[in-house]
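Spelled out, the chains give:
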Amino acid sequence: MQSFECLSPDILLLSLQNRAEELLRAVERTKKSLKRAPQGHLRLAKRGNQFYGYHLTDAKSLKGEYIPKDNVSQMSKLAQKDYDEKALREMEHELSLIDGFIAKYSPEELTNIYNRMNEVRKSLVEPILLSDEEYARRWLAVPYKGKHFEAGVPDLRTAKGERVRSKSEVIIADTLGRLGIPYKYECPLKLADGGRSVYPDFTCLDLRTRKELLWEHLGMMDNPEYASLSVKKLSSYLQCGYVPGKNLIISMESSEKPLSQTEVRLIIQGVFRVNGK
């Protein structure tokens, strides 16, 4: 894939925000656990190969009350409390570090430097990092020659006027467009298994990562011959590094279960993490 910038877009901020949300949930859960915890702490003493538990309730004494070996529940609750107290302090410390970093971190400013320029100055500069809109524009502007349409093939068009081969591909293309996912229809791709060219139904651009994902729609899965060819196609993709769930999207349908717009939207939302429309 051709790159139009020398610095990848920020993913650190989102990762930190997700981490902070997880920490907040864990902190809340730990605090609730500590409210239910018994008073005191656990002391473990080893004699020979055996460990003995003692319930410490007096801060001035390290002796504590002996806990019978069969009272595993009490020892477990005290051990959990001791762990939770230490874990809570560490999680709150990590949260304070993340909050302090996020307060000072402005990854969007690098893009804004370029965006605030007038058009003349922009034309004289090659930016280090592009906005999503500019990256998508450049990606879409790269010319390519798609697969030829044979005579007699129905003339099916997307909302943008592109010609596709099936009604399901119309649904996929229009939903991608509606959700702001840049795509190319039947853009040729040379596979690494000898350099032969294939034409994935859609080549999509994930603007968060600047990565391309292929989308193959398998439209006649109740046709044995078609299904067999589809299995071979997917196997070929896999051997060349295109893995479903990573950089390859697969949708399918049969005559009894056609592809729906809802299914396409759910796939796109799950892969590209966009809001539905």
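Above this text sits the structure in question.
Parameters at a glance
- Residues numbered from 1 in each chain as written.
- Predicted model: local features only at pLDDT ≥ 70, side-chain atom pairs only at ≥ 80, totals over all residues.
- Heavy atoms only, no water.
- Core = buried A, V, L, I, M, F, W, Y, C linked by side-chain atoms within 4.5 Å.
- Buried < 20%, exposed > 50% of the residue type's maximum accessible area, 1.4 Å probe, protein only.
- Helix = DSSP H or I, 4+ residues; strand = E, 2+ residues; numbered from the N terminus.
- Contact = heavy atoms within 4.5 Å.
- Pairing = 2+ DSSP bridges.
- Axes fitted to C-alpha atoms, helices over the stretch in contact; angles between N-to-C directions.
- Expected span 1.5 Å × (residues − 1).
- Parallel < 35°, antiparallel > 145°, perpendicular 65-115°, else oblique.
- Left-handed = near helix turned anticlockwise from the far one by under 90°.
- Nonpolar A, V, L, I, M, F, W, Y, C, P; charged D, E, K, R; others polar.
- Disulfide = S-S within 2.5 Å.

1. Quick notes on the nonpolar core
Soluble globular proteins tend to bury their nonpolar side chains together. Ranked by internal contacts, the top residues of the largest apolar core, which has 19 residues, are Leu176, Phe202, Cys204, Trp215 and Ile268. Looking at this core, the elements with two or more residues in it are helix H6 (167-178), strand S6 (183-185), strand S9 (202-206), strand S10 (211-218) and helix H8 (261-272). The element best represented in this core is H6, accounting for 4 residues. Sequence-distant contacts of phenylalanine 202, defined by excluding residues within four places in its chain, comprise Glu169, Ile172, Ala173, Leu176, Tyr183, Lys184, Tyr185, Leu213, Leu214 and Trp215. Core analysis: the next-biggest nonpolar cluster, separate from the first, contains 9 residues, Ala20, Leu23, Met91 and Leu95 among them.

2. Concerning the environment of valine 72
Here valine 72 lies in helix H2 (residues 72-104). When the C-alpha atoms of valine 72 and glycine 53 are compared, they prove to be 9.4 Å apart, with 19 residues separating the residues in sequence.

3. Description of the sheet that holds S9
Pairing within the open sheet is mixed, and its 4 strands lie in the order S6-S9-S10-S11. Each end of this open sheet is capped by a strand with a single partner; those strands are S6 and strand S11 (248-252). On average, each strand axis in the sheet is tilted by 20 degrees relative to the strand beside it, whichever way the strands run. The pairing of S9 with S10 spans 5 bridges and is classified as antiparallel. When the bridges of S10 are listed, aspartate 206 appears paired with lysine 211. In the packing of helix H5 (residues 132-141) onto the sheet, the strands contacted are S6, S9 and S10, and the crossing angle to S9 comes to about 155 degrees. Relative to the sheet, H8 contacts S9, S10 and S11, its axis offset from that of S10 by approximately 155 degrees.

4. Describing the sheet that holds strand S1 (residues 41-47)
The strand order across the open sheet formed by 3 strands is S1-S2-S3, and the pairing between neighbours is antiparallel. Two strands close off the open sheet at either side, each with one partner strand: S1 and strand S3 (65-67). Averaged over all pairs of adjacent strands, the angle between strand axes in this sheet comes to 40 degrees, irrespective of strand direction. As judged from the 7 bridges shared by S1 and strand S2 (residues 50-56), these two strands associate in the antiparallel manner. Bridge assignment links arginine 43 to a residue of S2, and that residue is tyrosine 54. On top of the sheet, H2 reaches S1, S2 and S3; it is set at about 115 degrees to S1, its chief contact.

5. A short note on H2
Every α-helix carries 3.6 residues per turn, so stepping three or four residues along brings you back to the same face. The terminal C-alpha atoms of H2 lie 48 Å apart, and with 33 residues this matches the ideal 48 Å at 1.5 Å per residue to within 8%. For H2, the elements touching its buried residues are helix H1 (12-36), S1, S2 and S3.

6. A closer look at the packing of H1 against H2
Interhelical geometry of H1 versus H2 gives an angle of 150 degrees and a closest axis separation of 9 Å. Taken together, H1 and H2 sit at an angle that is classed as roughly antiparallel. In this structure, H1 meets H2 at a crossing whose hand is left-handed. Looking at the contact of H1 with H2 residue by residue, the classes come out as 15 nonpolar, 3 polar and 7 charged.

7. Quick notes on the pairing of S9
In terms of burial, S9 is a largely internal element, 5 of the 5 residues being buried. Alternating positions in S9 separate into two faces, Phe202, Cys204 and Asp206 on one and Thr203 and Leu205 on the other, with burial throughout. Where S6 lies against S9, 3 bridges are found, and the strand directions are antiparallel. Along S9, the bridge assignment pairs lysine 184 with threonine 203. Counting the residues in the hairpin turn of S9 and S10 gives 4 residues, including arginine 210, whose phi is positive at 65 degrees.

8. Overview of the packing of H6 against H8
Running from amino to carboxyl end, H6 crosses H8 at an angle of 45 degrees, the nearest separation of the two axes being 10 Å. Looking at the two axes, H6 sits oblique to H8. Viewed along their axes, H6 and H8 form a crossing whose handedness is right-handed. Mapping the contact onto sequence places Ile171, Ile172, Thr175, Leu176 and Arg178 in H6 and Gln261, Val264, Arg265 and Ile268 in H8.

9. Some remarks on the state of the cysteines
Per the stated rule, a full pass over the model turns up 0 disulfides. Cysteine 204 provides the cysteine sulfur closest to cysteine 187, a residue in no disulfide bond, and the two sulfurs are 11 Å apart. Cysteine 240 takes part in no disulfide bond, and the closest cysteine sulfur to it belongs to cysteine 187, at a distance of 16 Å. The buried category is assigned to cysteine 240, whose relative accessible area is 16%.

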